[in-house]
Amino acid sequence: MYMSFDLLIALLLSLRCESFYREIKETKRLCIGVMALYQEGPLREKARKMLSLIEEEPPRFNVYDMWQVDASIFVKLISLITSLVVTLLQFAFL
């Protein structure tokens, strides 16, 4: 019961992180579009600052600086659980 709840939380967390990463890509694309439209002015400067901030240090979710949280974390978690279950089944049927 608790394990399925934890897997559901991991799934929701990875989906929200991926939607955040998609929004960052969209923001980057919009900044480039604004810079293409405006050759000078405060709006271009804001877009340039936002774009340089995104490109220099892209936002990432890290767990204790050990691994990054994204959509692949759920697949890795399922892979780990599957391999552990297979190992336990092998020991059970020796």
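Keep in mind the model is a prediction, meaning the values are calculated, not measured. (Residues numbered from 1 in each chain as written. Predicted model: local features only at pLDDT ≥ 70, side-chain atom pairs only at ≥ 80, totals over all residues. Heavy atoms only, no water.)

Student: Looking at this structure, how should I read the UniProt feature "transmembrane region" (unreviewed entry) in the protein?
Tutor: Using the residue numbers shown here, the UniProt feature "transmembrane region" (unreviewed entry) corresponds to residues 73–93. Secondary structure across residues 73–93 divides into 95% helix and 0% strand, with the first and last C-alpha atoms of the span separated by 30 Å. (UniProt positions renumbered as here; feature names shortened; annotations may be inferred. Helix = DSSP H or I, 4+ residues; strand = E, 2+ residues; numbered from the N terminus.)

Student: Honestly, the pattern of salt bridges in this entry has me stumped. Any pointers?
Tutor: When charged atoms on two side chains of opposite charge get close, those side chains can pair. Enumeration over the complete set of coordinates arrives at three salt bridges. The shortest N-O distance in the salt bridge between E26 and R29 comes to 2.5 Å. In this pair, E26 and R29 are both assigned in helix α1 (residues 2–37), three residues apart and thus about one turn of the helix distant. E26 gets classed as partly exposed once you look at its relative accessible area, which sits at 32%. In this structure, R48 and E45 form a salt bridge, with 2.8 Å as the shortest nitrogen-oxygen distance. Here E45 and R48 lie together in helix α2 (residues 42–56), a separation of three residues that amounts to about one turn. Taking relative accessible area as the criterion, R48 reaches 38% and is therefore assigned partly exposed. (Salt bridge = Lys/Arg side-chain N within 4 Å of Asp/Glu carboxyl O. Buried < 20%, exposed > 50% of the residue type's maximum accessible area, 1.4 Å probe, protein only.)

Student: I would appreciate a short explanation of the packing of α1 against α2 in the present structure.
Tutor: Packing of α1 against α2 leaves a shortest axis separation of 9 Å and a crossing angle of 145°. Both α1 and α2 take part in a crossing whose hand is left-handed. Along the contact surface, α1 presents I24, T27, K28, C31, I32, V34, M35 and A36, while α2 presents L43, R44, A47, R48, M50, L51, I54 and E55. A breakdown of the residues in the contact of α1 with α2 according to their chemical character gives eleven nonpolar, one polar and four charged. (Axes fitted to C-alpha atoms, helices over the stretch in contact; angles between N-to-C directions. Left-handed = near helix turned anticlockwise from the far one by under 90°. Contact = heavy atoms within 4.5 Å. Nonpolar A, V, L, I, M, F, W, Y, C, P; charged D, E, K, R; others polar.)

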